[in-house]
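Chain and residue survey
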Amino acid sequence: MGILKRKWMSAAGALVLGISIAAGGGNAMAGEKYKDIVNVAHRGASGYAPEHTIASYQMGEKMHGDYIEIDLQMTKDGQLINMHDEKLDRTTDGTGLVRDFTLQQIKQLDAGTWFNEKYPQYADPEYAGLKVPTLEETFQTFGKNKSYYIETKSPDVYPGMEKELLRLINKYHINKEKLLVQSFSPQSLQIMHELDPSIKLVQLLSYKTNANITDAEIGEIKEYAVGVGPNYTYLNREYVQKVVKSGLEIHPYTVNDKETMVKLIDWGVTGMFTNFPDLLHEVKKGR
């Protein structure tokens, strides 16, 4: 089959799917496949607001994100802060490694102005001067019954990160039924599993060519995790089906257009990460 014809058929399938969802409440495909998809607001609604700020998390909530997704780094004085990069440079007006600065020093930084400059179409004067939140402040702001999806970033750089994360989870009585902890590091997840086997874990995966996962790999992951989080770019239907049939959840990252969202749901994913949770919400509603 030619590429154009394949693309057309894929588009036609998506269109039919869209029409059937829009048209019918009782439709099993709309009812089941779509409504149960987990909408993870990636770094908050980070397409619209500065990532990993309280403002971004609040916007993610308003846009029907199911989870607040948080990346963790650790300061020089052992505090867990919400930041994706090991360096301060991209998302603040500071420069250097997080681990070389105390929390007090990081709290002096502006974590919002960069966003206004990079994304003028979504700029808001209120973003200028936003602060880097700690995990503790996030728990205090959103409470124990919010759904959190927390990643241990660079755990090899921050020994003890998992223990401190668990201390805060327990201190704030975070509802572990609504908590997921993810990492690219199997070792970090295994440490979490040993510290508290009741915490649900997700193994992040990164593929640079067509995604493939063996039965042995699935078996190993299932020993400590409830799901996998692969980059969506190289996924295929067979991969998704194999993971789902094994009993694991699959939450690909980071999906920012409706066409791809529809395709992945059609393949059988159980959720996904997006910078635009409002778009995924619209797809789930058949709009």
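What you are looking at is a predicted structure, and each value in this text was computed from that prediction instead of being measured. (Residues numbered from 1 in each chain as written. Predicted model: local features only at pLDDT ≥ 70, side-chain atom pairs only at ≥ 80, totals over all residues. Heavy atoms only, no water.)

**Quick notes on helix α11 (residues 258-267)**
An α-helical turn contains 3.6 residues, so any two residues separated by three or four positions project in the same direction. For α11, every residue scored as buried is listed here: Thr260, Met261, Val262, Leu264, Ile265 and Trp267. The N-terminus of α11 is capped by Asp257, whose side-chain oxygen sits 3.3 Å from the backbone nitrogen of Glu259. One or two steps after α11, the chain reaches Gly268, where phi turns positive at roughly 115°. (Buried < 20%, exposed > 50% of the residue type's maximum accessible area, 1.4 Å probe, protein only. Helix = DSSP H or I, 4+ residues; strand = E, 2+ residues; numbered from the N terminus. Polar contact = N/O pair within 3.5 Å; in protein donor to acceptor, adjacent residues only side chain to side chain.)

**Notes on the nonpolar core**
Formed by 61 residues in total, the largest nonpolar core has its most connected members in Leu135, Phe139, Tyr148, Ile150, Leu165, Tyr239 and Met272. Discounting chain neighbours no more than four positions away, the residues touching Phe139 are Tyr148, Ile150, Leu168, Ile169, Tyr172 and Ile174. One finds Val40, Tyr67, Tyr149 and Val202 within the second-largest nonpolar core, a separate group that totals nine residues. (Core = buried A, V, L, I, M, F, W, Y, C linked by side-chain atoms within 4.5 Å. Contact = heavy atoms within 4.5 Å.)

**Examining the pairing of strand β6 (residues 200-205)**
Successive residues of a regular strand alternate their side chains across the two faces of the sheet. Burial analysis of β6 places five of its six residues in the buried class, which makes it a mostly covered element. Examined bridge by bridge, strand β5 (residues 179-183) and β6 share four bridges and lie parallel to one another. Its bridge partner being in β6, Leu180 is matched across the sheet by Lys200. Note on the crossover from β5 through helix α8 (residues 186-195) to β6: the handedness is right-handed. The pairing of β6 with strand β7 (residues 227-230) spans four bridges and is classified as parallel. When the sheet's bridge partners are listed, Val202 is paired in β7 with Gly227. (Pairing = 2+ DSSP bridges. Right-handed = clockwise from strand over helix to strand, strands pointing away.)

**Comments concerning the pattern of salt bridges**
Counting across every chain of the model gives 15 salt bridges. Its salt-bridge partner being Lys146, residue Glu61 comes within 2.5 Å of it at the nearest N-O pair. Here Glu61, found in helix α3 (residues 54-62), pairs with Lys146, found in the loop between α6 (135-142) and β4 (148-152); they are 85 residues apart in sequence, far enough to count as distant. Its relative accessible area of 32% is what places Glu61 among the partly exposed residues. The exposure class assigned to Lys146 is partly exposed, which follows from its relative accessible area of 25%. (Salt bridge = Lys/Arg side-chain N within 4 Å of Asp/Glu carboxyl O.)

**Quick notes on the confidence of the model for the chain**
Summary statistics for the chain give a mean pLDDT of 91 and a share of 89% for residues scoring 70 or more. Long-range and interchain partners of residues 3-28, a stretch whose pLDDT sits below 50, account for 16 contacts in this model, where long-range means more than four residues apart. (pLDDT = per-residue confidence, 0-100.)

**A closer look at unusual backbone geometry**
Excluding glycine, residues mostly have negative phi values, and the peptide bonds linking residues are mostly trans. Going from Tyr253 to Thr254, the amide bond is cis rather than trans, its omega being -25°. Even without being a glycine, Arg43 presents a positive backbone phi close to 60°. Arg43 gets classed as buried once you look at its relative accessible area, which sits at 13%. The backbone of His52 shows a phi angle near 55°, a positive value even though the residue is not glycine. The residue His52 is located in the loop between β1 (38-41) and α3 in this model.

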